[in-house]
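# Remarks on the overall topology
Chain by chain, the residues:
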Amino acid sequence: MRSLSILIIGALLASVFSTIARAEDRIALVVGIDKYSNLPASQQLRNAANDAAAMTKAFTSLGFDVVSGINLTRREFNRKLVEFDQKLKPGDTAAVYFAGHGVQILQNNYLLPGDIPQANSNEEELLIREAISLHSLLDMLEKKGTRINFIVLDACRDNPFEGGGSRAVGGARGLSRVTPPSGTFIMYSAGANQTALDRLSDDDPNPNSVYTRTLLPLLVRPGQNIVSLAKDVQVQVTNLARSVKHTQVPAYYDQITGNYSLRPSADAAEPEKAAPVLKQPERQPASDNALQLPPVQNSATTTKLSAAERRQQVGEEAYLDCVQRNSLRCYNKFLEKFSKHPRAPQVEKIRRAQIELPKYRECAEAGSVHEVIRTCQFYIDAFPTGEFHGLARSALYDAKLKLVPPPKTTAPATPPAPAAPSPVSGMQRMANVDFNGMDLFGSGVRNVSVGQCENICLRDSRCRAYTWVAAKSWCWPKSGVGGASYSSGMVSGVKPGTVVPGAQATPSGPQVQMIRMDGIDLSGRDLLPNGSRPTSLSQCVSLCVNDYRCKAFTWIADKNWCWPKYEIGRPRRNSRMVSGRKP
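Residues numbered from 1 in each chain as written. Predicted model: local features only at pLDDT ≥ 70, side-chain atom pairs only at ≥ 80, totals over all residues. Heavy atoms only, no water.

### A short note on the sheet that holds strand E3 (residues 93-100)
Backbone hydrogen bonds are what pair the strands of a sheet, in a parallel or an antiparallel way. Taken together, the six strands give an open sheet; going across it, the order is E2-E1-E3-E7-E8-E9, and neighbouring strands pair in mixed fashion. Two strands close off the open sheet at either side, each with one partner strand: strand E2 (65-70) and strand E9 (252-254). Averaged over all adjacent pairs, the angle separating strand axes in this sheet is 10 degrees, with direction ignored. In terms of strand pairing, E3 meets strand E7 (residues 148-155) through eight bridges, oriented parallel. Paired with Val96 across the bridge in E7 is Ile151. Where helix H6 (residues 210-219) meets the sheet, its contacts fall on E3, E7 and strand E8 (184-188), and the angle it forms with E7 comes to roughly 150 degrees. (Pairing = 2+ DSSP bridges. Helix = DSSP H or I, 4+ residues; strand = E, 2+ residues; numbered from the N terminus. Axes fitted to C-alpha atoms, helices over the stretch in contact; angles between N-to-C directions. Contact = heavy atoms within 4.5 Å.)

Written as structure tokens, this is what we have:
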């Protein structure tokens, strides 16, 4: 646990307090699709392939090993994803650029390959099966353990059935907002319910889309942090679109802690090879006693700024100066002068982390078990809502477990089934069940067995239940049970007398009830190609309950035919059928 804490704090230091790039590999996936073989002429694009070619050169100049593809079919797209995944290693920087059609269906975002079939408004299921899931791509990056993920989507964000020089095809709405994993920055070419222009007009001679032509020179600008990059692109694209009486305001979502630049200033060793960029006001060195407030120049528009707009831009420059100097005094000055600036909460978070960091490091780097207990307990007491509170508690419990052996018991001849009561404590265990909410500790307790997790709960009078994640040996003690749901690979336990909402007692222990729906058919996404032929509805329910892949089922009563499903499809009325779903 101690070595894990040191690794984690090292990563936090690198991402929050430093703008200096480390020696990691940089891998990029670049895909552009403007020819869609099954879509009408009105929905073909003109510049997506050019955009991908230009972005490939840009990423190459930034030191990325680029996996690129133009006008890919679904199979070709998946092969590129596999190639991209195989090149990535934990700690790498990953970049993904996609130009083409995109669609949102059921709150999930999909990128459309060149052979996507034409689909009617009631055929969303077909698009889901034939498209590339953005959520799956983000999950792949998270599992790979990449340090930074930089995603650019130059795809439409509105009605997919409206074409004409816009990037639009697919579901009834545009791309939905996602919650990216930590270390991920996503840039969209337009805001919600807006069209990302493929070109300004039919006679527009520029080979790139409105968004990508703006992004290209700014992307390679030395010293440009990605938040500032996104804001500059946003302003310039908005004004370009406005020039043809169109509304397009690019959006971005930031889950990167601290300041990050694709090309730090130190990389600009050969300025003659750098792409031409807009001239920016030079930032002069300043002492920590005062914030540097340079004159504001808006390169994207000549409109005179209001006092509030000017103050916000000045605050942004002051924020960047403080991050570059990484000075506690500078952060304090910023909060004095710009307490209402949008950056103030982020500055406060960094400032608090700088104050807490030395005390937490004593906890993370302590040698003996007793020293870990002393220093971690001091940090927990001194900073009850601190940035590293969960990590400190994990280290503290890990140390205490080394001093307090588990209760002595006579081991059973055979290991008990996961759903049976614990032989150690009498706590009721449930396999493949996750207790929701009411966590006692912000980051749980890592690297413990299910028995150790149970012992932690037993020794803490506040703890009434726990959930243990088997794949990560991760324990989540809980003050109660807010709800229960099926989740494969988890074991939950509850002290006697604790109420578990949505569960009922059975001879084999508590089981989470399935939600039954009479007269309903859940279409599609079947787990078994030909279903199953049990003799009763209860057997169909058991078949789904006992398979972690099964999320729901539909039972055809007059045929005794059971259809387990790995995803919940569109409900339809049918009096002959009974369906059920896991909570």
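### Looking at the pairing of strand E12 (residues 465-469)
With respect to burial, E12 is a largely interior element, five of its five residues being buried. Burial along E12 is two-sided: the residues Ala465, Thr467 and Val469 and Tyr466 and Trp468 are all buried. Of the strand pairs in this sheet, E12 and strand E13 (residues 474-478) are connected by five bridges, and their pairing is antiparallel. What sits directly across from Val469, in E13, is Trp474. (Buried < 20%, exposed > 50% of the residue type's maximum accessible area, 1.4 Å probe, protein only.)

### Structural notes on the packing of aromatic side chains
Overall, the coordinates contain nine aromatic pairs when judged by the stated rule. Ring geometry for Phe150 against Phe185: centres 6.4 Å apart, planes inclined by 20 degrees, an arrangement best described as stacked. Within this pair, whereas Phe150 is found in strand E7, its partner Phe185 is found in strand E8, the two being separated by 35 residues in sequence. The two residues Phe150 and Phe185 agree in class, both being buried. Three or more aromatic residues joined by ring pairs form one cluster here, namely Phe150, Phe185 and Tyr252. The side chain of Arg446 reaches across the aromatic face of Trp474, ending 3.7 Å from its centre. (Phe/Tyr/Trp six-rings, centres within 6.5 Å; stacked < 30°, edge-to-face > 60°. Lys NZ or Arg CZ within 6 Å of the ring centre and 35° of its normal.)

### Some remarks on the state of the cysteines
A complete count under the given rule lists five disulfides for this structure. For Cys363, the disulfide goes to Cys376, at an S-S distance of 1.9 Å. Around the S-S axis, the bridge from Cys363 to Cys376 shows a dihedral of about 80 degrees and counts as right-handed. Residue Cys363 is found in helix H10 (residues 344-364), and its partner Cys376 is found in helix H11 (residues 369-382); the two are separated by 13 residues along the sequence. The exposure classification of Cys363 matches that of Cys376, with both residues buried. One disulfide bridge connects Cys457 with Cys463, the sulfur atoms lying 2.0 Å from each other. Taking the sign of the S-S torsion, -100 degrees for the link of Cys457 and Cys463, the bridge is left-handed. The pair Cys457 / Cys463 is uniform in exposure class, with both members buried. (Disulfide = S-S within 2.5 Å.)

### A word on the side chain of Asn149
Relative to the helices and strands, Asn149 resides in strand E7. The buried category is assigned to Asn149, whose relative accessible area is 2%. A distance of 2.5 Å separates a polar atom in the side chain of Asn149 from a polar atom in the side chain of Thr146. In this structure, Asn149 is in contact with Ala94, Leu141, Gly183, Thr184 and Phe185, ignoring residues within four places of it in sequence. (Polar contact = N/O pair within 3.5 Å; in protein donor to acceptor, adjacent residues only side chain to side chain.)

### Concerning the sheet that holds strand E4 (residues 102-105)
The antiparallel open sheet is built from three strands, whose spatial order is E4-E5-E6. On the outer flanks of this sheet lie E4 and strand E6 (132-133), each paired with one strand and no other. Here four bridges tie E4 to strand E5 (residues 108-111), and the two strands are oriented antiparallel to one another. Note on E5: the bridge partner recorded for Val103 is Tyr110.

### Here's the deal with the pattern of salt bridges
When the charged atoms of two side chains lie near each other, side chains of opposite charge can form a pair. Under the definition given, this model contains 13 salt bridges. Across the pair Arg374 and Glu371 runs a salt bridge, and its minimum N-O distance is 2.6 Å. Of this pair, Arg374 and Glu371 both sit in helix H11, separated by three residues, roughly a single helical turn. Of the charged contacts, one joins Asp558 and Arg576 as a salt bridge, the two residues approaching to 3.0 Å between their closest N and O atoms. Placement of the pair is Asp558 in the loop between strand E18 (552-556) and strand E19 (561-565) and Arg576 in strand E20 (residues 571-581), with a sequence separation of 18 residues. Assessed through its relative accessible area of 54%, Asp558 is described here as exposed. Salt bridges sharing common partners tie together Asp25, Lys89 and Asp92. (Salt bridge = Lys/Arg side-chain N within 4 Å of Asp/Glu carboxyl O.)

### Structural notes on the nonpolar core
With 75 residues, the main nonpolar core has Phe59, Phe150, Met187 and Leu219 as its most contacted residues. Those residues in contact with Met187, other than ones at most four positions away along the chain, are Phe150, Ile151, Val152, Leu153, Tyr211, Leu215, Leu229, Ala230, Val233, Ala251 and Tyr252. Formed by 15 residues, the second largest nonpolar core is a distinct cluster that contains Tyr360, Cys363, Tyr379 and Ala399. (Core = buried A, V, L, I, M, F, W, Y, C linked by side-chain atoms within 4.5 Å.)

### Some remarks on unusual backbone geometry
Not every positive phi belongs to a glycine, and Lys245 is a case in point at roughly 60 degrees. With respect to the helices and strands, Lys245 occurs in the loop between helix H7 (226-243) and E9. The exposed category is assigned to Lys245, whose relative accessible area is 81%. The phi angle at Ser473 is positive, at roughly 50 degrees, despite the residue not being glycine. Examined against the element boundaries, Ser473 turns out to sit in the loop between E12 and E13. According to the relative accessible area criterion, Ser473 is partly exposed, its value standing at 25%.

### Examining the pairing of E3
E3 sits mainly inside the fold: eight of its eight residues count as buried. Burial of the side chains of E3 extends over both faces: Thr93, Ala95, Tyr97 and Ala99 are buried on one face and Ala94, Val96, Phe98 and Gly100 on the other. By the bridge criterion, seven bridges tie strand E1 (residues 26-32) to E3 in an arrangement that is parallel. Following the sheet pairing, Gly32 is matched in E3 by Ala99.

### Quick word on the packing of helix H2 (residues 48-61) against H6
In the contact formed by H2 and H6, the axes pass within 10 Å of each other and the chain directions differ by 10 degrees. It follows from the interaxial angle that H2 and H6 lie roughly parallel. Every residue of H6 that contacts H2 at Asp51, Ala54, Met55, Ala58 and Phe59 is listed here: Thr212, Leu215, Leu216 and Leu219. Partitioning the contact of H2 with H6 into residue classes produces seven nonpolar, one polar and one charged. (Parallel < 35°, antiparallel > 145°, perpendicular 65-115°, else oblique. Nonpolar A, V, L, I, M, F, W, Y, C, P; charged D, E, K, R; others polar.)

So yeah, pure geometry; function would need other evidence.
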